Every structure is written in structure tokens, then in C-alpha cells.
Amino acid sequence: MNRAERRRLGVGKETAWKRAISPKERGVGDGWFSQLSQAWSNGKYAVMARDVFTESGIVKHVCIRNAAGTDIPWREKQRIKNELFGSEATAIEFFPKESELVDEANMYHLWVLPIGYTLPFGLTK
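Residues numbered from 1 in each chain as written. Predicted model: local features only at pLDDT ≥ 70, side-chain atom pairs only at ≥ 80, totals over all residues. Heavy atoms only, no water.

Quick notes on the sheet that holds strand 5 (residues 91-93)
Basically, it comes down to this: By this definition, two strands are paired if DSSP reports at least two bridges between them. Secondary structure elements are defined from DSSP: runs of H or I of at least 4 residues count as helices, runs of E of at least 2 residues count as strands, and each element is numbered from the N terminus.
The antiparallel open sheet is built from six strands, whose spatial order is 1-2-3-4-6-5. Each having just a single partner strand, strand 1 (18-19) and strand 5 make up the two edges of the open sheet. Bridge count for strand 5 against strand 6 (residues 108-112) is three bridges, and the pairing is antiparallel. Note that in strand 6 the partner of I92 across the bridge is W111.

Below is the structure:
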């Protein structure tokens, strides 16, 4: 992450979530990255999202990264999902086939499913 990215993220103490300017609003990026139309920052994490229209409804593709560019523990991703998209929202983290892998930034991807959508599997079923 370069100095300008760190400044935009507001590296430092974690604060309340604030709306940030998204890549789509800035007119930057290519492909799916340029479609990220929502963004938030809290001094520790940057989160960006885009709506993906599916047969099941709107799925939010969510990208999460931290200022340090390091691993983000599962508990933190769960907390971010709860705070920005709701504690009753279901999200999945996706690990693609190697032939479809895109690994250009240290960023985590969640897909937040439409409220009411139930996966046909889970830990309690």
C-alpha cells in the first residue's frame, strides 16, 4: 500500500465507520474493481462493495483490507460484516479454482447474500 492509499484509509486508531469515496465515484480501476460503488473506512480497515444482480436477488461483493496489509482474523471479518451489513446477513468467503484466481492485492472477498436467502448447508444443519 502506498502513502496515498494509507492517507485515504486514515491509518491509525480504529474509529467509527465513515463513508469513503468509492473507486466508481473516483472513476478509477478496471473490471469489477471499477464497479465498487460503496466504501467505508474506520482507521484500521477499508471496506468496498458492489451490487451483483443474481437469480436469487442482489448479492453484495465486499472487499476488505487493513492498513497493515496483513491477515485479517475471521472474528474481525465477522464483526465488519455485522457492523456494515447486519448481524443476520449471511456472507460467504470464496476460494476460486486456480484457473480463475485473481490475486493482485492483499484483500479479502465476501459475498453478502440477500436477507432471507438460506444456504443448503451450514454448521448447524
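A closer look at the layout of surface pockets
Empty space left among the atoms is revealed by rolling a probe the size of a water molecule over them. Heads up, the rule is: A 1.4 Å probe that fits but cannot get out identifies a cavity on a 1 Å grid over protein atoms alone, an open set with protein on both sides within 12 Å along at least five of seven lines counts as a pocket, and a residue lines either if it has an atom within 4 Å of a point. Grid points are joined across faces, edges and corners, and a volume is the space filled by probe spheres set on the points. Throughout, the ten residues Ala, Val, Leu, Ile, Met, Phe, Trp, Tyr, Cys and Pro are labelled nonpolar, Asp, Glu, Lys and Arg are labelled charged, and all others, Gly among them, are labelled polar.
Considered as a void within the structure, the second largest pocket measures approximately 590 Å³ in volume. As for the second largest pocket, its lining consists of 18 residues, and the residues nearest its centre are Q78, T90, A91, I92 and L119. Within the residue set of the lining of the second largest pocket, elements represented by two or more residues are helix 3 (74-85) and strand 5. Top element by residues in the lining of the second largest pocket is helix 3. It accounts for four residues. Here the lining of the second largest pocket is built from residues that sort into nine nonpolar, five polar and four charged.

Notes on the environment of V62
Relative to the elements of secondary structure, V62 occurs in strand 4 (residues 57-66). Spatially, the C-alpha atom of V62 lies 8.5 Å from that of L36, the residues being 26 residues apart in sequence.

Things to note about the nonpolar core
Formally: We call a set of buried residues a nonpolar core when its members are Ala, Val, Leu, Ile, Met, Phe, Trp, Tyr or Cys and they connect through side-chain atoms within 4.5 Å of each other. Note on classification: 1.4 Å probe, protein chains only; a residue is buried when its accessible area is under 20% of the maximum for its type, exposed when over 50%, partly exposed between these limits.
In terms of nonpolar packing, the biggest core is built from 14 residues, with W40, V47, V62, I64, I80, L84 and F85 touching the most fellow members. Among the elements of the structure, strand 3 (45-54), strand 4, helix 3 and strand 6 are those that each provide at least two residues to this core. Ranked by size, the runner-up nonpolar core spans five residues in total, among them L36, M48, C63 and M107.

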